[in-house]
Amino acid sequence: MLQSKSFVRKTKQGKVVKVVREHYLRDDIYCGASICQVCDSTGARLSPDASTILILDTNVVLNQIDLLENPAINEVVILSVVLEEVKNKNLSVYNRLRGLCGNALRKFFVFSNEYHKDTYIKAMVGESPNDRNDRAIRVAAQWYQKHLGSATRVLLITNDRENKRKATEEGIIAETVESYVKSLGQPDLLDLLVQPAAGDVSMEDAEDMRPSKKKVIYSEHKPMSEITSGLHRGIYHQGKLRVNRYNPFEAYVGSESIGDEIIIYGRSNMNRVFDGDIVAVELLPRDQWHEEKSLSIVDDDEDEDDNVHLAPSSADDAPRTTNIVQASSADSTSAPSRPTGRVVGIIKRNWHSYCGSLEPMPMPAGNGGIAHALFVSKDRRVPKIRIQTRQLGNLLDKRIIVAVDSWDCLSRYPSGHYVRTIGQIGDRDTESEVVLIENDIDSRPFSSQVLGCLPPIPWSVSTDDLANPNRQDLRHIRVFSVDPPGCRDIDDALHCTLLPSGNFEVGVHIADVTNFVHPGTPLDDEATQRGTSVYLVERRIDMLPKPLTEDICSLRADVERLAFSVIWEMTPEAEIISTRYTKSVIKSCAALSYVEAQARMDDSRFNDPLTTDLRNMNTLAKIMRQRRIEKGALTLASAEVKFQIDTETHDPLDIGMYQIREANQMVEEFMLAANISVAEKILKQFPVCSLLRRHPSPTREMLEPLLRTAAAVGLSLDVSSSKALADSLDHAVGDDPYFNKLIRILATRCMTQAVYFCSGDLSPPEYHHYGLAAPLYTHFTSPIRRYADVVVHRLLAAALGLCKLPTIFQDRPQLTNIADNLNYRHRNAQMASRASVELHTLIYFRNRPVDTEARIVKIRSNGFIVFVPKFGIEGPVYLTARSEKGSGEWTVDEQQQKVKKADGSVSYSVLQTVHVHLEVVEPQPNRPKLQLTLI
Amino acid sequence: MEYVSPEGLRLDGRRPMEMRQIRAEVGAVSKADGSAVFEMGNTKVIAAVYGPREVQNRSQQLNDQALVRCEYTMSNFSTGDRMRRPKGDRRSTEISLVIRQTMEACILTHLMPRSQIDIFVQVLQADGGTRSACINAATLALADAGIPMSDLVTSCSAGYLNSTPLLDLNYVEDSAGGPDVTVGILPKLDKVTLLQMDAKLPIDTFENVMQLATEGCKAIANYIREVLQENTKQLESRRGT
């Protein structure tokens, strides 16, 4: 049956056009109940013994998605009209709903009522789209009841009073969410309910009667129409808002219309925004542009404070305070002050669920009743959230997840609802889980579909692989691997043979993961999503299932494995004469650790062929490294720490800096060379669809803190190019041995991180990798733990004509999406590792207060930030007690980077060595933190 | 954008392998020697054929075969916004050429030397797939004019969106930016006379998409044959034989 839909629509140019679309109605859409006699039940999702079938209204789905995700809610029919409305209103809820509908364990069925000949309705004259959709839902509910007969109860769940009334009139059983959930008799489900907004049927009068909360705290958001016209006229600016990680009362909006970041200070100017919201901002008058500058370590009415944390390893992790220092350091004439603004409206919310705990509070008198509590997120950028709970006693010492529902301008805090409990606060497993959730890392076990893609275990190289003409047999070559001790996922191995001509044949063999992970399989989709393996202190979250990671792909000693090899012929001066790429079969003869490899090279008693290979390689690597440094590669340093973990309790036993040996550098050198060779090859073959990695040059402003610090200690750094910077870093030798490393660590912090990109998106000069001083770079050498390498393996195989290029590479937006996702996952993985190290540092110091040496890295008006090299941590040291701040006892000299006592008796300058006492304190119960005090 | 829902329905309620409703009518323009109206869903085209007749421009006359000319136009009211289109713009010139070449392949031109056949096709309402609809209408009109042809030519398009081959794209799907494969076949002879695509598609998916379009062409051919037979029966009964 054919229907035509006709509606008017406004085009982007503002013209009004009439759109006519066909709309086919069908008789082959089935009800999804497996008991149904009439319908085809192959696609049925509702169980045969279901006595009640739920049909949900759109507002229920939009508001109560957390409830729907609870397994207690089942036998649900989602109408396509509801799906469509949800999709238009909130895409993230739509995706979650789609996830539910696609989940084989849940009984959610999508009924395409809009295309069914009996349930499609046309809008009546004068009927609003909303009313039409409500009617469509009722018609579908009625159809279901008639279709399934009286044995099954069809229950329409709606929170819309009008809809409920009409439904009852039409003879449909309708209930509100609250009454339905109550009828289920599971009290914990009630906490998942979102408080009804005004206009809906309210569950009970949950109005907050405290008079102090009644006053308007925030200014009203402007209506959307006003924002749109304001944006048009250029008085408002649109952009994504980023809250300062280290100061939740400072936010930045990257605005394209201004071409600069707009800073927003303070809670009222921020006007109820969350990190990641798309907002409209109005600029403040110029004379108010830096009114709220503050030099002190963040300190405000809420008693938030800068925690001791890991030393940042790049500019992305470091606190963003440079601008403030800059603005105050010089008179406003010289320093260009930055535009400051306030938020007038929110274009798109970025609300999701947050991880944290409840603020300690006394139990209310009537235990078991509803209590209001304040939720504090672990992420400092998120404000406190007010929630209602019936299980306060249970939740006080738990880490919980909370979702935000609304933020009224009368209320100081947003209101939200409880989603689920993770576990006891302070418990290591709970806190690790929190780290994973906060960084959006999927740590669930692999699904059966994914595991179904694995080859059967035990696996061994088959005769087919050996007979494959594209796969070279390199089993006779002496291949070995060098990795960290205890490494199970060995993805690279090396060989080095002296050729009769006096040249060397050097090979890098990488696990042939793409032989097992084929594009388009569930395994590949899962790996694309995960993007990278995540290394926490006590566990590893794999990108690929364990059998692949630790057995089939891992290039272990004395077993035959498939590999993808890059083989060079090199002169003894490490000049590459030729490069060859091939798939291969190898048999590693030794899996060495860095320590073992180093010991073999150093010990002159060893003279076996393997050690000779190692020494030859080391010689070549040194030349290559030297050449790279001459080209301007930076030797940067970061403060990596290593824990020794108790094998039974998984508690940290010892902590120390990660030691880098010559063997590490040797392996690294060949991996770099392989990556560069592969990058050249794939780019030559696929100029627009290669996946490469670039490292943008840091701008002058980014290096500003480094230069200022260096100037204060009388060092001048040349930052005009990476070569110049590398040279001046080499010459930066102070009076103590650690000075150079410290300067390098500070330099590393000023850099941004390298990113993946699709070669078609940028022009060739932008491909440059600043840190390595290489015009081209990619990741090829760790396909077991990074998805980027898997992509590059496929590209290289296609470039060699071994297989076809998967179709995805022809779709540039999709490739860009993959690159973006990889960057996002990569960054999250790093953040998670850091958070995990921080967590273990805290656990380690819990019973072990220590005195240690620290270096001042930043000066503040009431103290300074120190870096503890031994443990790789950084944190504030206060000179004045927090209560008596601003007493003026200490003065800061910006030029000299010094903080002096008013009488001049004591002064501290940057990079100076101080002794500090490290200890874990608990200012509030269940909130341990690390504290540094000067001794 | 989701062009095929997980339930397997397209935006207008069709399944991926389904065509829009087609309708054809022979003899819409009485002055012409042959004419037809062809509809595919909301796409509606009219075709009129004049000829074989004397060549208008003597210099173009061919001594061994007939001259086939084709003119494709879109009426101003064919799309939602009423636009005055210049005649002979790039797009319509191209489509005119495509239709002429496709039709020439099946007309037995050597039987009609020194004559001219004019095919006029006009789009009355456009909703994607005008090219295919025009070819189908032109076939009907040629048949109606009694011009000798080796076979009917029918055409249908297919696309590839959301990793699914889709038959007979409408305007919304056509403007999604995915590939659009237009195929024209001689169904009886099982030969391809037209194959157009201006996008990149891996060869194995392309084969599937083209296969789908060919199936569509065959279905259209069956329908067109029915319409012509019905038309012939009516002519027969009018003659009273």
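Calculation criteria
Residues numbered from 1 in each chain as written. Chains lettered and ligands numbered in written order. Predicted model: local features only at pLDDT ≥ 70, side-chain atom pairs only at ≥ 80, totals over all residues. Heavy atoms only, no water. UniProt positions renumbered as here; feature names shortened; annotations may be inferred. Helix = DSSP H or I, 4+ residues; strand = E, 2+ residues; numbered from the N terminus. Expected span 1.5 Å × (residues − 1). Buried < 20%, exposed > 50% of the residue type's maximum accessible area, 1.4 Å probe, protein only. Arc of directions from axis to C-beta. Contact = heavy atoms within 4.5 Å. Pairing = 2+ DSSP bridges. Axes fitted to C-alpha atoms, helices over the stretch in contact; angles between N-to-C directions. Buried area = accessible area lost by both parts, 1.4 Å probe. Salt bridge = Lys/Arg side-chain N within 4 Å of Asp/Glu carboxyl O. Polar contact = N/O pair within 3.5 Å; in protein donor to acceptor, adjacent residues only side chain to side chain. pLDDT = per-residue confidence, 0-100. Parallel < 35°, antiparallel > 145°, perpendicular 65-115°, else oblique. Nonpolar A, V, L, I, M, F, W, Y, C, P; charged D, E, K, R; others polar. Domains from an automatic or database assignment.

- If you look chain B up in an unreviewed UniProt entry, it shows as Exosome complex component RRP41 homolog from Kalanchoe fedtschenkoi.
- Checking UniProt for chain B, the heading Sequence similarities (unreviewed entry) contains the comment "Belongs to the RNase PH family."

- An unreviewed UniProt entry lists chain A under the name Exosome complex exonuclease RRP44 homolog A, with Kalanchoe fedtschenkoi given as the organism.
- Under the Sequence similarities (unreviewed entry) heading, UniProt states for chain A: "Belongs to the RNR ribonuclease family."
- The record held by UniProt for chain A lists under Subcellular location (unreviewed entry) the comment "Nucleus".

1. So, unusual backbone geometry
Here is step 1: Here Gly51(B) and Pro52(B) are connected by a cis peptide whose omega angle stands at 0°.
Here is step 2: As for its placement among the helices and strands, Pro52(B) is situated in strand E3 (residues 43–54).
Here is step 3: Here the phi dihedral of Ala773(A) falls at roughly 55°; this positive angle occurs in a residue that is not glycine.
Here is step 4: On the secondary structure map, Ala773(A) appears in the loop between strand E30 (755–758) and helix H24 (787–799).

2. Observations concerning helix H1 (residues 90–104) of chain B
Residue and element names in this part refer to chain B.
Here is step 1: For H1, built from 15 residues, the straight-helix expectation of 21 Å at 1.5 Å per residue is met to within 8% by its first-to-last C-alpha distance of 21 Å.
Here is step 2: Turning to H1, its buried residues are Ser 92, Ile 95, Ser 96, Val 98, Ile 99, Thr 102 and Met 103. For H1, the arc enclosing every buried residue in end-on projection is 165°, short of the 170-degree limit, so these residues lie on one face.
Here is step 3: Residues of H1 that are buried in the fold lie against strand E4 (67–74), strand E5 (115–125), helix H2 (130–145) and strand E9 (191–196).

3. Things to note about the UniProt feature "domain: PIN" (unreviewed entry) in chain A
Here is step 1: Summarizing the sequence annotation, UniProt attributes the feature "domain: PIN" (unreviewed entry) to residues 52–165 of chain A in the numbering used throughout.
Here is step 2: The distance from the first to the last C-alpha atom of residues 52–165 of chain A is 20 Å, and the span holds 50% helix and 16% strand.

4. Section: the sheet that holds strand E11 (residues 278–283) of chain A
In a beta sheet, neighbouring strands are held together by backbone hydrogen bonds and run either parallel or antiparallel to one another.
All names here are of chain A.
Here is step 1: Strand order in the open sheet made by the 5 strands is E10-E9-E8-E11-E13, with antiparallel pairing throughout. This sheet does not close on itself; its edge strands, each paired only once, are strand E10 (260–265) and strand E13 (341–348). Each strand axis lies, on average, 40° off the axis of its neighbour in the sheet, ignoring direction.
Here is step 2: The pairing of strand E9 (residues 250–255) with E10 spans 6 bridges and is antiparallel.

5. A few points about the interface of chain B and chain A
Here is step 1: Taken residue by residue, the interface counts 22 residues in chain B and 21 residues in chain A.
Here is step 2: Summed over both sides, the interface of chain B with chain A buries roughly 1,700 Å², with 46% coming from carbon and sulfur.
Here is step 3: In this structure, Arg26(A) engages Glu18(B) in a salt bridge whose closest nitrogen and oxygen atoms are separated by 2.6 Å.
Here is step 4: Inspection of the chain B/chain A interface yields 9 residue pairs in polar contact (both at pLDDT 80 or more).

6. Examining the confidence of the model for chain A
Residue and element names in this part refer to chain A.
Here is step 1: For chain A, the average pLDDT comes to 80, and 85% of its residues sit at 70 or higher.
Here is step 2: For chain A, the element scoring lowest by mean pLDDT is helix H11 (residues 322–329), at 38; strand E22 (residues 504–511) scores highest, at 92.
Here is step 3: Segment residues 197–213: pLDDT under 50, and 25 contacts once partners within four positions in sequence are set aside and those in other chains are kept.
Here is step 4: The low-confidence segment residues 291–306 (pLDDT under 50) makes 46 contacts with residues lying over four places distant or belonging to another chain.

7. A few points about the UniProt feature "domain: Exoribonuclease phosphorolytic" (unreviewed entry) in chain B
Here is step 1: Listed under "domain: Exoribonuclease phosphorolytic" (unreviewed entry) in the UniProt record, and renumbered for this structure, are residues 18–148 and 151–216 of chain B.
Here is step 2: As annotated, residues 151–216 of chain B comprises 27% helix and 38% strand, and the C-alpha atoms at either end are separated by 17 Å.

8. A short note on the packing of helix H3 (residues 80–89) of chain A against helix H4 (residues 91–102) of chain A
Residues and elements named next belong to chain A.
Here is step 1: Two numbers describe how H3 lies on H4: the axes approach to 6 Å, and their chain directions differ by 140°. As judged from the angle between their axes, H3 and H4 are oblique. Between H3, through Leu 83, Val 86, Lys 87 and Lys 89, and H4, the contact on the second element is made entirely by Leu 91, Val 93, Tyr 94, Leu 97 and Arg 98.
Here is step 2: Taken together, the residues that form the contact of H3 with H4 break down as 6 nonpolar, no polar and 3 charged.

9. Let's talk about the environment of Val508(A)
Here is step 1: Locating Val508(A) in the fold gives a position in strand E22.
Here is step 2: Through-space distance from the C-alpha of Val508(A) to that of Val402(A) is 48 Å; in sequence the pair is 106 residues apart.

10. Points about the sheet that holds strand E8 (residues 180–186) of chain B
Residue and element names in this part refer to chain B.
Here is step 1: With antiparallel pairing, the 4 strands of this open sheet are ordered in space as E7-E6-E8-E9. If you trace the sheet from one side to the other, it starts and ends with strand E7 (164–167) and E9, each paired once. On average, each strand axis in the sheet is inclined to that of its neighbour by 25°, with strand direction left out of account.
Here is step 2: Sheet topology places strand E6 (residues 154–161) next to E7; 4 bridges connect them, and they run antiparallel.

11. Regarding the domain arrangement of chain A
Residues and elements named next belong to chain A.
Here is step 1: For chain A, the domain assignment lists domain 1 (30–185), domain 2 (224–323 + 336–348), domain 3 (353–425), domain 4 (448–693 + 771–829), domain 5 (699–751) and domain 6 (849–934).
Here is step 2: Contact residues are listed per partner, giving 12 residues for domain 5 and 11 residues for domain 6.
Here is step 3: Between domain 5 and domain 6 lies a buried interface of about 990 Å² when both sides are counted; carbon and sulfur atoms form 63% of it.
Here is step 4: For domain 5, the biggest contributors to the area lost against domain 6 are Ala 712, Leu 742 and Arg 749; these three give 42% of the whole.
Here is step 5: For the pair domain 5 and domain 6, the interface holds 0 salt bridges.
Here is step 6: Here domain 5 is connected to domain 6 by 0 residue pairs in polar contact (both at pLDDT 80 or more).

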